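Here are the chains, one letter per residue:
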Amino acid sequence: MREITYRDALKEAMAEEMERDPRVFVMGEEVGHYQGAYKVTRGLLDQFGAERVIDTPIAEAGFAGVGVGAAMTGLRPIIEFMTWNFSFVAFDQIVNNAAKMYQMSAGQYPVPIVFRGPNASARQVGAQHSHAVEPFYCNVPGLAVVYPSTPRDAKGLLKTSIRDDNPVVFLEGETLYNVKGDVPDAGEDETIPLGQARVVREGRHVTVVTWGRPFYTVLEVANRLSGEGIEIEVIDPRSLRPLDTDTIVQSVKKTNRCVVVHEHWPYGGPGAEIVDRVTRDAFDYLDAPILRATNLDVPMPYALHLENKVIVGPDRIEKTIRDVLYKS
Amino acid sequence: MGSLDMQPGEAPAARDELARMFHSMQLIRRIEEEAARAYVQGKIGGFLHLYIGQEAIAVGVEAAIRKTDWIITTYRDHGFALTRGTSARGVMAELFGKDAGCARGLGGSMHMFDGPNRFLGGHGIVGGHCSLAAGVGFRCKYLKNDEVVLCFFGEGATNIGGFHEGLSLAGLWKLPVVFVCENNMYSMGTPLERTLPAKDITDKAPGYGMARDRFEGQDVIEVRDRIAKAVARARDGEGPTLIEILTYRFRGHSMSDPGKYRTSEEVEERKRKGDPVRIARQRLLEAGASEDDVARIEAQVEEEVADAVKFADESEPAKESSMLDYVLARTTSGDGPREGGGA
Ligand SMILES: Cc1ncc(C[n+]2csc(CCOP(=O)(O)OP(=O)(O)O)c2C)c(N)n1
């Protein structure tokens, strides 16, 4: 084990998989010569050459479609979106082609492709650059949606996603790239299965399910509340589809309370899905309604103080936790 | 439209007009230099894409159109906001996230808007706004007025679907739109040769059934006259034009881009040969203005910029009520195009 950044963990996963399998290649805007807009692909061009680390023009629908075509016919593309915000330009390719092809062709054309890139808001980049896209893609059968919160998960889950024979929407937290954490040594080949949540912190009073940037905020709040004797169990689903309902439900049966914290808009999405599943499977164990702490239901404003109000932060998370504990 | 019959470059540029143009270009230049400073001080956040090096385009264009025409552009939008008539205060306050900003602090650098001045905004998704431009052109044709829409984008945008489909429809329906590619040679970190299968972007025009034009854009008068021709065609119902203006950005793609993909020799060479503000200054002197006249304009600009920064510093932060109130429009009257908004 050594400490590396989330960014480098992702890079290592790609490098090791490209090393292992010549069919794997990376394609996207500025991934090669520029070394990646967020430097996630730094060094890959030198290591693998321009035939496998391919710079594209600004043509998201085009290169996403190229990826799907290549994947249908045996290659294993990793398509980088400079940010997931721009994936909406390629939505048709991901939703109508990548996700539906295998079933539509009665299994004749699997689509082993990974779409990856930074997700959710950065800082002060305004409404068109601040989407957390997980609700859009979680809605689609045929897609896996993966969202690692830590460097170790980033590496292990990306390796699994690249080896998966299905299309994977791989979301990286735009503000998490510099986060450091323990990751197995290079070449150790740790893979982490999709659909297996992780209990990050044990506690008995309330279960908090969270991922992405709020993952870190929740841990902060949990540490603080622990000083008051409130013990929070924190669960990171790691993949939002498939979703590991069992781990969450087991936890809620123990704590009898549940809060879901996420950075996407409140209407629908995986947050609402978790509420639905816990209500269905653990209704008799609940001592309070399940609540969500989410971003506000507005397009992201530019001004920093407003952005801070919109993004789910420690205050809203703490208040929500106190609410389900009836301790406000 | 006096400039209609003139050959490019031939238009006599009156000293007054040159003085106004120089003022405008100098203002854009200085506002952006101050913005860059404020960015480093943390007063401006997010992405800040500077227009420095391309000022002759926004200013030349404004001289070729009417106040009733429309402009839409990308995230590199400060110059157009200013030429459309947004005050330096309104631009700077927007950059600072203040309520007095031209989008009340909700839009920031990439999303300046000015309804009363018919500035349809800066847009963040490359190419998406080309279709919007076609829509505004559709509206002008629908209302049978002689207004014209100008749509600006970089050469990087010409590969994307929004561009292609927007131009397809505009060409098909002969909409009064002038599509202007500001080709500054780089799409973020990638030089033209590696993003475009064609060397000449206007080669695409015939495919869309459009007229075309292509020229260097460092001289504001050249820009004014060449744009005027395309605008006249659009106004006369002859349909859209695709124009490629060759230019150069002197800074990185945005403040977060150190621009390592270009040599400093290349940038210096470009600045030496084609600094549009210096060229405009020179033209003004040649038209008979004295060094004193020029210095007076520069001093005026300094005052305006200092005032804008002070104003932005001191004005009220963006309001929470704005971000909530503007999610959905309250009108249900269907009264047709709205022009309000902003401060
Ligand atoms: C659909 C989409 N893809 C990618 C981006 C990221 N991006 C923003 S600007 C840019 C380069 C654009 O270059 P160009 O069109 O030449 O305009 P310039 O910035 O040079 O004025 C890129 C890749 C984006 N904003 N939207």
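See above for the structure.
As a starting point, this report considers the structure included with it. (Residues numbered from 1 in each chain as written. Chains lettered and ligands numbered in written order. Predicted model: local features only at pLDDT ≥ 70, side-chain atom pairs only at ≥ 80, totals over all residues. Heavy atoms only, no water.)

Considering the environment of G189 of chain B
You can see G189 of chain B is positioned in the loop between β5 (186-187) and β6 (190-191). Distance in space between the C-alpha atoms of G189 of chain B and H253 of chain B is 7.4 Å, their sequence separation being 64 residues. If we skip the residues at most four places from it in the chain, G189 of chain B touches E30 and Y34 of chain A together with R194 and Y261 of chain B. (Helix = DSSP H or I, 4+ residues; strand = E, 2+ residues; numbered from the N terminus. Contact = heavy atoms within 4.5 Å.)

As for the site of the ligand
Around the ligand, the surrounding shell holds 22 residues, and the nearest of these are E60 of chain A together with Y75, R76, G124 and G156 of chain B. Near the ligand, residues from chains A and B are present, making the site a shared one. Between a nitrogen atom of the ligand and a main-chain N or O atom of V126 of chain B, the distance comes to 3.0 Å. Between the ligand and N184 of chain B there is a distance of 2.9 Å, counted from an oxygen atom to a side-chain nitrogen or oxygen. Across the complex, the protein chains shield 96% of the 580 Å² of accessible surface that the ligand would expose by itself. Within the shell around the ligand, the residues separate by chemical class into 11 nonpolar, 7 polar and 4 charged. (Near = heavy atom within 4 Å. Polar contact = N/O pair within 3.5 Å; in protein donor to acceptor, adjacent residues only side chain to side chain. Areas by Shrake-Rupley, 256 points an atom, 1.4 Å probe, with all protein chains shown as cover. Nonpolar A, V, L, I, M, F, W, Y, C, P; charged D, E, K, R; others polar.)

Section: the sheet that holds strand β1 (residues 70-74) of chain B
All names here are of chain B. Spatial strand order, β2-β1-β3-β4-β8-β7: 6 strands in an open sheet with parallel pairing. The sheet is open, and its two borders are formed by β2 (119-123) and β7 (211-216), each paired with just one other strand. With strand direction ignored, the average angle separating the axes of adjacent strands in the sheet is 15°. Bridge analysis of β1 against strand β3 (residues 149-154) gives 3 bridges, and the strand direction is parallel. (Pairing = 2+ DSSP bridges. Axes fitted to C-alpha atoms, helices over the stretch in contact; angles between N-to-C directions.)

A few points about a nonpolar patch on the surface
All names here are of chain B. Where nonpolar side chains cluster on the molecular surface, the patch consists of F138, Y142, L143, L169, L172 and W173 and spans about 660 Å² of accessible area. Of all the secondary structure elements, the ones that give two or more residues to the nonpolar patch are α5 (128-142) and α6 (161-172). Structurally, L143 can be placed in the loop between α5 and β3. A relative accessible area of 43% means that L143 is categorised as partly exposed. (Patch = residues over 30% accessible without salt bridge, like charges linked within 9 Å, V, L, I, M, F, W, Y side chains within 5 Å. Salt bridge = Lys/Arg side-chain N within 4 Å of Asp/Glu carboxyl O. Buried < 20%, exposed > 50% of the residue type's maximum accessible area, 1.4 Å probe, protein only.)

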